[in-house]
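Descriptive analysis of the structure
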Amino acid sequence: MLEIKNLHVKLQDEDKVILKGMNLTVETGKVHAIMGPNGSGKSTMSYVLSGRDGYEVTEGSATLGGKELLDMEPEERAAAGLFLAFQYPVEIPGVGNMTFLRTALNAQRKARGEEELSAGEFLKLVREKAKTLKIDADMLKRPVNVGFSGGEKKRNEILQMAMLEPKMCILDETDSGLDVDAMRLVADGVNALRAPDRSFLVITHYQRLLDHIKPDVVHIMADGRILQTGGPELALEVENNGYAEILAAHGLTEAK
Amino acid sequence: MADALTAGPGFVPERKAAAERLGAMGLPGRRDEYWRWTDPATLNAPDPKPAQAGEAEAPLFDALDRLKVVFVDGVFDAGASDDLSLAGVEITRLATSAPGWAEGLYGTLEATGQVPVKRPFAALNTAQATDGLLIRVTAAAAKPINLIYVHKSETSDPILHHLIRLEEGAELTLLETGPAGARFNKAMEVDLAKGARFHHIRIQGPDQERRAVTHIFARLADAALFKSFTLTFNGVLTRNEAFVEMLGDDAMAHVAGAALGDGRDGAFHHDDTVFVTHDGLRGESRQVFKKVLKGGAIGTFQGKILVKPGAQKTDGYQISQSLLLDDDSQFLAKPELEIYADDVKCSHGSTTGAIDETALFYLRSRGVPEEDAKGLLVLSFLADAIDEIEDAALKEEIVARLEDWLARHRS
Ligand SMILES: Nc1ncnc2c1ncn2[C@@H]1O[C@H](COP(=O)(O)OP(=O)(O)O)[C@@H](O)[C@H]1O
Ligand SMILES: [Mg+2]
């Protein structure tokens, strides 16, 4: 599904290199988790995959279903099935959440040559999905993320994911700042979307999210690359012992 | 501009007084404090610069039950207008009617209002207006009145003056649409008695070559409500002045505007000049002005909240903002507060910014194409101004027009 090969990325306006030869393969239908200290480049990786400005890819490639992502506009990547749940969802005053969702959904359908949803069809769908995420009518009407609590913003990200039905979902610290109940709602939302043709890349600091969203593969990332890959037990090991040992094995320290 | 001899028959003393005021003031120049950013030369010139009428727009407010009053190049067109009878409202023409109830009122609001802003074009208008309506409302008007200004002649130079009086507790929604002429001078005096409610929605349509200087003069008695929203598209030069005098207690006045200009269609210069005076207790005023500028367009805002001694518990708010869609465009703002009472809450702010890159990326990452995403962010930027329109149907119409404009002006 997603294949990142030897990806090197620096900031466009500075000499700072952030990704230093990143390799990662996420198979179709699998859930991969990435853990790693702050500043490892996890968010940068997800932004680069989604096409945010400000970064320069100096080497390497990233493909989705065999198609080169890095040549596409952000909206083309979305239509191709990529979705990023933002670590910090963006507030957009004056644009209703519903309008936003409908515009996005129909734009993607149009880009894929599919029929756009009518207002009625859309409403039915969004109400159904919102209900399972405990998103009420008021939250749907309000401007995108404006005045939403941290938990509401994250649930809103999952609602977008549920509506857009992407093939490859990247969740960037979707659990951070959530209490136990909110995290369970988010995890249930994600689990409901698990499907044989859909893959997930879950970026998190905490084992606790992975208790709810069970990963097939766990990667440890630091200093712009993947240091180690293993099964779910790797997450437990990090939870108990921290990153120090793994970092040390690669000649790194927990400098930050 | 039009000859005084061709002015309407009534209001001779009022017109004479206005002509004298104009004589004393003289026409404005760039050295006048409130004309520093807007060059009045083409407005001062004896003849207008020729202007082609823009392509026909989708008819505005078409689905709305309203009383239509049509002016073609500034002349009332009875054939195109509805019958001027409306329950709760008396409507007569300035050009042909005896002054009646308006005697002694015509020109009064224009002549008073906040100093030190000189308003020579308004005095000129009072002196020389050739047509317009005298509207007296005694109850809740049965439906909105829509003044439709049609621009046909390349050299039309209309001067229209409307005088509107809402008696105690009366209500009216007034709609104005269309460009009116090659050069348009309009004054509208609105006198609101106790508890009267006046809503004004105006669309200054995409008529690229027109020039316009317009004035609103409002006077509010106790608990009166005045709400005005203007949407402006293009136009070589538009100066919209509003002077609101809140004389009564518990009055509320909101003046808002959204202007969108693309200099690539020709020059674009839009000027909002707004002066609100609080002279009663517990008055609430809001000024919300937003401009979206591209292709070398220029927007200016000069606005003041004046709180007179004794106008305690005033709540005054003013915001002027611009969204610059490229580096060529320019926004100039002069926000002012002048406060002579101690127990008041007043705030003002002015900002200039570009499209928020983070928001743009967020929308695009959801699959919204770049230009559509920019359109959404423009609507997002304008939302506070549009929200000043209370009526949902009118608001929808305004948003639809905005979307049309945005669709025609992709980068
Ligand atoms: N736009 C930026 N400008 C400056 N530094 C940046 C920028 N984006 C990322 N960085 C730096 O790159 C490193 C990786 O950041 P990030 O991708 O956010 O890491 P993570 O998500 O793993 O915490 C950090 O040192 C961060 O400060
Ligand atoms: Mg991060």
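Because the structure is predicted, anything quoted here is derived from the model rather than measured.

**Overview of the coordination of the magnesium ion (ligand 2)**
All names here are of chain A. Here the magnesium ion (ligand 2) is held by Ser43 (OG) and Gln87 (OE1), and the distances to it run 2.1 to 2.4 Å. Of this pair, Ser43 sits in helix H1 (residues 42-50) while Gln87 sits in the loop between strand E6 (82-85) and strand E7 (92-96), placing them 44 residues apart in sequence. Note on Gln87: relative accessible area 13%, which makes it buried.

**As for the sheet that holds strand E11 (residues 217-222) of chain A**
Residue and element names in this part refer to chain A. Read across the sheet, 6 strands follow the order E6-E9-E10-E3-E11-E12 without closing on themselves; strand pairing throughout is mixed. Among the strands making up the open sheet, the edge pair consists of E6 and strand E12 (225-230). Strand-to-strand twist of the sheet, defined as the mean angle between neighbouring strand axes without regard to direction, takes the value 20 degrees. Pairing of strand E3 (residues 31-35) with strand E10 (residues 199-203), which is carried by 4 bridges, proceeds in the parallel orientation. Within E10, the residue paired with His32 across the bridge is Leu201. Running at roughly 165 degrees to E6, helix H6 (residues 150-164) makes contact with E6, strand E9 (168-172) and E10 of the sheet.

**Considerations on the side chain of A:Lys154**
Its location among the elements puts A:Lys154 in helix H6. Apart from residues lying up to four places away in sequence, A:Lys154 is in contact with A:Phe86, A:Gln87, A:Pro89, A:Glu173, A:Thr174, A:Ser176, A:Leu178 and A:Val186.

**Points about the environment of A:His212**
Residues and elements named next belong to chain A. Looking at the secondary structure, you find His212 in helix H8 (residues 207-212). In the structure, His212 is positioned 38 residues away from His250 in sequence and 30 Å away in space, judged by C-alpha atoms. The contacts of His212, once residues within four sequence positions are left out, are Met183, Arg184, Ala187 and Asn191.

**What about the site of ligand 1?**
Residues and elements named next belong to chain A. Neighbouring ligand 1 are the residues Leu11, Lys16, Ile18, Asn38, Gly39, Ser40, Gly41, Lys42, Ser43 and Thr44. Contact distances for ligand 1 include 2.8 Å between an oxygen atom and a backbone N or O atom of Gly39. Within the backbone of Ser40, one N or O atom sits 3.2 Å away from an oxygen atom of ligand 1. Considering every element that reaches the shell around ligand 1, the biggest residue donor is H1, with 3 residues. Tallied by class, the residues present in the shell around ligand 1 amount to 2 nonpolar, 6 polar and 2 charged.

**What about the confidence of the model for chain B?**
Residue and element names in this part refer to chain B. Residue-level pLDDT values for chain B average 93, and 97% of them are 70 or greater. Within the model, the stretch residues 1-6 combines pLDDT values under 50 with 14 contacts to residues more than four positions away or in other chains. We note a pTM of 0.91 for the whole complex and an ipTM of 0.95 for its interfaces.

**Description of H1(A)**
Among the 9 residues that make up H1(A), 9 are buried, leaving the element largely enclosed by the rest of the structure. Buried residues of H1(A): A:Lys42, A:Ser43, A:Thr44, A:Met45, A:Ser46, A:Tyr47, A:Val48, A:Leu49 and A:Ser50, and no others.

**So, the pairing of strand E7 (residues 171-177) of chain B**
All names here are of chain B. Taken across its 7 residues, E7 has 5 buried, putting it largely inside the fold. Pairing of E7 with strand E9 (residues 197-204) involves 7 bridges; the strand directions are parallel. Across the sheet, the residue bridging to Glu171 is Arg197, located in E9.

**Overview of the pattern of salt bridges**
Summed over all chains, the structure comprises 42 salt bridges over all chains. Across the pair B:Arg366 and A:Glu157 runs a salt bridge whose closest N-O atoms are separated by 2.6 Å. Linking B:Arg366 in the loop between helix H5 (357-365) and helix H6 (370-386) with A:Glu157 in helix H6, this pair reaches from one chain into another. A relative accessible area of 0% places A:Glu157 in the buried class. Across the salt bridge formed by B:Arg286 and B:Glu388, the nearest N and O atoms sit 2.7 Å from each other. Remark: B:Glu388 occurs in the loop between H6 and helix H7 (392-408) and B:Arg286 occurs in strand E15 (residues 284-294); sequence separation between them is 102 residues.

**A short note on the UniProt feature "domain: SUF system FeS cluster assembly SufBD core" (unreviewed entry) in chain B**
Listed under "domain: SUF system FeS cluster assembly SufBD core" (unreviewed entry) in the UniProt record, and renumbered for this structure, are residues 159-381 of chain B. The annotated region residues 159-381 of chain B carries 9% helix and 60% strand content, and the separation between its end C-alpha atoms amounts to 34 Å.

**Side note on the packing of aromatic side chains**
All told, the structure shown has 16 aromatic pairs over all chains when counted by the stated rule. Taken together, a centroid distance of 5.6 Å and an interplanar angle of 45 degrees make the contact between A:Phe86 and B:Phe361 tilted. Remark: B:Phe361 occurs in helix H5 and A:Phe86 occurs in the loop between E6 and E7; the pair is interchain, linking two chains. The exposure classification of A:Phe86 matches that of B:Phe361, with both residues buried. Members of the aromatic cluster, connected to one another through ring pairs, are A:Tyr47, A:Phe86, A:Phe100, B:Phe361 and B:Tyr362. We note A:Arg208 situated over the ring of A:Tyr206; from NZ or CZ to the ring centre the distance is 5.7 Å. Residue placement shows B:Arg119 over the ring face of B:Phe243; its charged tip is 4.3 Å from the ring centre.

**Let's talk about the interface of chain B and chain A**
With 17 residues of chain B in contact, the opposing surface of chain A contributes 31 residues. The contact between chain B and chain A buries some 1900 Å² in all, and 67% of this surface belongs to carbon and sulfur atoms. Where chain B packs against chain A, one counts 3 salt bridges. Here A:Glu75 makes a salt bridge to B:Arg364, at a shortest N to O gap of 2.6 Å. There are 12 residue pairs in polar contact (both at pLDDT 80 or more) connecting chain B and chain A. Elements with a minimum of two residues in the side of chain B that touches chain A: H5 and H6 of chain B. Looking at the side of chain B that touches chain A, the element that brings in the most residues is H5(B), giving 8 residues. Grouping the amino acids of the side of chain B that touches chain A by side-chain chemistry returns 9 nonpolar, 4 polar and 4 charged.

The rules behind these values
Residues numbered from 1 in each chain as written. Chains lettered and ligands numbered in written order. Predicted model: local features only at pLDDT ≥ 70, side-chain atom pairs only at ≥ 80, totals over all residues. Heavy atoms only, no water. Donors = N, O, S within 2.8 Å, 3.2 Å for Na, K, Ca; no water. Helix = DSSP H or I, 4+ residues; strand = E, 2+ residues; numbered from the N terminus. Buried < 20%, exposed > 50% of the residue type's maximum accessible area, 1.4 Å probe, protein only. Pairing = 2+ DSSP bridges. Axes fitted to C-alpha atoms, helices over the stretch in contact; angles between N-to-C directions. Contact = heavy atoms within 4.5 Å. Near = heavy atom within 4 Å. Polar contact = N/O pair within 3.5 Å; in protein donor to acceptor, adjacent residues only side chain to side chain. Nonpolar A, V, L, I, M, F, W, Y, C, P; charged D, E, K, R; others polar. pLDDT = per-residue confidence, 0-100. Salt bridge = Lys/Arg side-chain N within 4 Å of Asp/Glu carboxyl O. UniProt positions renumbered as here; feature names shortened; annotations may be inferred. Phe/Tyr/Trp six-rings, centres within 6.5 Å; stacked < 30°, edge-to-face > 60°. Lys NZ or Arg CZ within 6 Å of the ring centre and 35° of its normal. Buried area = accessible area lost by both parts, 1.4 Å probe.

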